[in-house]
Amino acid sequence: MKFSGTTVVALAASLLISLALSTHIQPSPDGNLLLRGSYDYIVVGAGVGGLVVANRLSEDTSVSVLVIEAGDLDDRAEDVSIPGKIGLEDPRRYKVKLDLEPQGFLDGKPRVMSQGKVVGGSTIVNGLVWTRGSEANFDAWERLGNPNWGWAGMLPYFKKSEKYTTPSNKESALDFHTSIYPVIEKHGEKGLVEVGYPNYYYDQSHNFLDGIQELAIPINKDPNSGNATGASIIASSIMADNQSRSDARIAYLDPILDRPNLHLVTGRTVTRVLYDNSGAAFVNSTYVPAAGGLYIAGVENTIKCEKEVILAAGAIFSPVLLQISGIGSAKVLGNLGIDVAVNLPGVGSNLQDHPTLEPVYNYTAPDVFSAWDIVGRTRDAIREEYLTNRTGPWTAPMVDVVALPALSWVIDDLQDWLNETINTTNDLPSSYDHTLHAGYLAQQDEMISLLERSDTPAYEIMSTSWGQLAVSAMQAFSRGTVLAKSSSIFESQPVIDPRFCSHPVDCKLLLLGLEFNDRLVQTPPMAALMPVPPSGLSIVDARNQTALDKAMRPMVTSGYHLSGTASMLPLKLGGVVDPSLKVHGTRNLRVVDAGVIPLLPSAHIQATLYAIAEKVWMSVD
């Protein structure tokens, strides 16, 4: 890989500042921010990665840290903090809507998704699910060229991030907790994120686990121990004592807001990172690389970064910020009129997600009580119970039980299935160069190996109290792109194309999940709930794969686990960052968010993101 010019040094982040309020740094009457002239570290984004790194760096009182977040502080309202409101009340004021490109391998229609735009990032609005994946998921990272990023290298940081609490002995949940038997030595007791279990479970969760066992899927009493397969009661990012959301802000920011060496600016959008490239001028640029600067309320000021700029804006906006700053594919940048600081084709490529279906098998039995029934006086009583005792249905998150079957458990012809997958040509994006093709082939080998294993799931079934049996493909073979649409971050949203089911195996995995649901709802424990499948997914429909596939494709959507767009991989495999998460070709620019994930683990990703950030900060200069 050839770089244009010499290794570049990030000097500062350029921001467009609005008049929104901020924490620590308040605007003066004329709207300007009273920032220092320089900071040792500038962190862009106050999600998991940004807040963990800022917390750990500012432990050293001799260094200064500036965190810049486009969103604001949340209000800690009930729709944010109470687990039982997830999926029912949407705190959309803390989200940004993202339009996905028309999905040509599904139904040709676009999709819409959202992610957190708030201090704490998506941990303020997510479903609280706390899963890690299997040992093999992370050992694959190491085999892809990332020393010490295997399970053995990650486990200490999984433990460091969490304060794991075993289930309480509340009478309403006591019998259910016999299905939880944590491997204590694989959990943390002193971390900052509280991880625990609700004080209440809906009866339907019992039915789900009983039905799963009727299908010969075993109970896994600790899916975070390294073996991820089986049916499980899952832990959540909730505080055990008061049964409310535990998020990145509560865990890593609120306890340290009095540190004088840590400044947080909210309601601001970073527009580009400025570089020193040994005085070279980029003719078509709107900035001089060696100048550095912050655009504040129409006035150009300079805030110098003494040590490092750390991008933690997420798998969508970190690669876009790199691209509009001159780091990315030379072809992509040329089309936007952006001069190339570092030619890195992997920026914005290798986009991965867990494609997901969200069918609701409406439970019609007259004795079923679900979260949908919490209305009127019932709601008043349940709210009072929660606020007074921290018990009752509002302590239960949207999803507290899941099934994660190994592929060999649900099909009879495993080797034939794998051979067909190997021999299927993936339709990779036309923008991918030879390094990205090589990287994909290496990832594909790992994914085939993972599907062969009995400790790594092929798909996930997530159960809610009202009958949603969501299906996610846990080993997704499709790859997409995130591309800046202009040289300005404000002119238009980036082009986001996950290309769901561009590799046919992903839709095959989803079909397997739907067929599994069909068998599940016919087991006696689940049939007792009198489930009514959605249109197109009836028992009769499920027996016709062609019809089922046709009905399924319009339903496929994001699993909200977008990753890989700044992958931790060698250059020869299309990588963007090295194992210290420094951007290839730079000396002091790092990425710490979901974009660095080279291969999605078979899990929800918040636990992994906390561990990544805890691990990498120790290597920050």
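Structural notes, computed from the coordinates. All residue numbers here refer to positions counted from 1 along the written sequence of the relevant chain. For a predicted model such as this one, the threshold for reporting local features is a pLDDT of at least 70, and the threshold for listing and counting side-chain atom pairs is 80 or more; totals across whole chains, interfaces and linings nevertheless cover every residue. The side-chain quantities take in all heavy atoms of the structure and omit both hydrogens and water.

Pairs of cysteine sulfur atoms within 2.5 Å are identified as disulfides in what follows. Throughout the structure, instances matching the rule amount to 1 disulfide. Disulfide pairing is shown between Cys-501 and Cys-507; the S-S distance is 2.1 Å. Between Cys-501 and Cys-507, the S-S torsion sits near 95°, and that sign places the bridge as right-handed.

For two strands to be treated as a pair, DSSP must find no fewer than two bridges joining them. Helix and strand labels come from DSSP, where a helix needs a run of H or I of at least four residues and a strand needs a run of E of at least two; each type is numbered from the N terminus. Spatially, the 5 strands line up as an open sheet ordered S9-S20-S21-S22-S18, and their pairing is antiparallel. Each edge of the open sheet is held by one strand with a lone partner, namely strand S9 (230–233) and strand S18 (356–357). Every residue pair with non-hydrogen atoms within 4.5 Å of one another is taken to be in contact. Fitting a line to C-alpha atoms yields each axis, with helices limited to the stretch in contact; the angle taken between N-to-C directions then spans 0 to 180 degrees. Here helix H13 (residues 504–520) sits on the sheet in contact with S18, strand S21 (459–463) and strand S22 (469–473), set at roughly 150° to S22.

Take the packing of helix H4 (residues 151–161) against helix H16 (residues 606–616) next. Where H4 meets H16, the axes come as close as 8 Å, and the angle between the chain directions of the two elements is 105°. When the axis of H4 is compared with that of H16, the two are roughly perpendicular. Counted together, Gly-153, Met-154, Tyr-157, Phe-158, Lys-160 and Ser-161 of H4 and Ala-607, Thr-608, Tyr-610, Ala-611, Ile-612, Glu-614 and Lys-615 of H16 form the full contact between these two elements. Only Asp, Glu, Lys and Arg are considered charged in this grouping, and only Ala, Val, Leu, Ile, Met, Phe, Trp, Tyr, Cys and Pro are considered nonpolar; every other residue, Gly among them, is considered polar. A class-by-class count of the residues in the contact of H4 with H16 yields 7 nonpolar, 3 polar and 3 charged. Here the angle decides the label: under 35 degrees means roughly parallel, over 145 means roughly antiparallel, 65 to 115 means roughly perpendicular, and every other value means oblique.

Among the nonpolar cores identified, the biggest contains 156 residues, and Phe-208, Leu-322, Ile-327 and Leu-407 are the most heavily contacted of them. Of the residues forming this core, the biggest block, 9 residues, is contributed by H13. With sequence-adjacent residues up to four places away left out, Leu-322 is seen in contact with Tyr-275, Leu-311, Ile-327, Val-347, Val-576, Val-583, Leu-589 and Val-591. For this analysis, a nonpolar core means a set of buried residues of the types Ala, Val, Leu, Ile, Met, Phe, Trp, Tyr and Cys, connected via side-chain atoms within 4.5 Å. The rule is simple: take the accessible area with a 1.4 Å probe, protein chains only, and divide by the maximum for that residue type; under 20% is buried, over 50% is exposed, in between is partly exposed. Ranked by size, the runner-up nonpolar core spans 10 residues in total, among them Tyr-200, Ile-374, Tyr-386 and Ala-396.

Taken together, 5 strands build an open sheet; the order of strands is S11-S3-S2-S15-S26 and the sheet is parallel. Where the open sheet ends on each side, the last strands, each with one partner, are strand S11 (262–266) and strand S26 (589–591). Averaged over neighbouring strand pairs, the angle between their axes works out to 20° when direction is ignored. One ladder, built from 6 bridges, connects strand S2 (residues 38–44) with strand S15 (residues 304–311); its direction is parallel. Within S15, the residue paired with Tyr-39 across the bridge is Cys-305. Sheet strands touched by helix H1 (residues 48–57): S2, strand S3 (65–69), S11 and S15. Its angle to S3, the strand with the most contacts, is close to 165°.

A few words now on helix H12 (residues 434–452). Residues that lie three or four places apart on an α-helix share one face, since the helix turns once every 3.6 residues. Here, expected helix span is obtained from the residue count minus one, scaled by 1.5 Å. Here H12 contains 19 residues, and its C-alpha end-to-end distance of 28 Å stays within 8% of the 27 Å for a straight helix at 1.5 Å per residue. Of the residues making up H12, those classed as buried are Thr-435, Leu-436, Gly-439, Tyr-440, Gln-443, Gln-444, Glu-446, Met-447, Ile-448, Leu-450 and Leu-451. Where the residues of H12 are buried, they touch helix H3 (135–143), helix H10 (407–410) and helix H11 (414–423).

To continue, consider the pattern of salt bridges. One speaks of a salt bridge when a side-chain nitrogen belonging to Lys or Arg is within 4 Å of a carboxyl oxygen belonging to Asp or Glu. Considering all chains together, one arrives at 24 salt bridges under this definition. Salt-bridge contacts for Arg-93 lead to Asp-75; the nearest nitrogen and oxygen are separated by 3.2 Å. In this pair, Arg-93 sits in the loop between helix H2 (78–81) and strand S4 (95–100) while Asp-75 sits in the loop between S3 and H2, placing the two residues 18 residues apart along the sequence. A residue is classified by how much of its surface remains accessible, and Arg-93, at 42% relative accessible area, is partly exposed. Since its relative accessible area comes to 42%, Asp-75 is described here as partly exposed. A salt bridge links Asp-427 to Arg-499; the shortest N-O distance between them is 3.2 Å. Here Asp-427 is found in the loop between H11 and H12, whereas its partner Arg-499 is found in the loop between strand S24 (495–497) and H13, with 72 residues between them in sequence. Taking the relative accessible area as the measure of exposure, Asp-427 reaches 39% and is therefore partly exposed. Residues participating in the shared-partner salt-bridge network are Asp-74, Arg-76, Asp-247, Arg-249 and Asp-254.

Nothing here speaks to function; it is all geometry.
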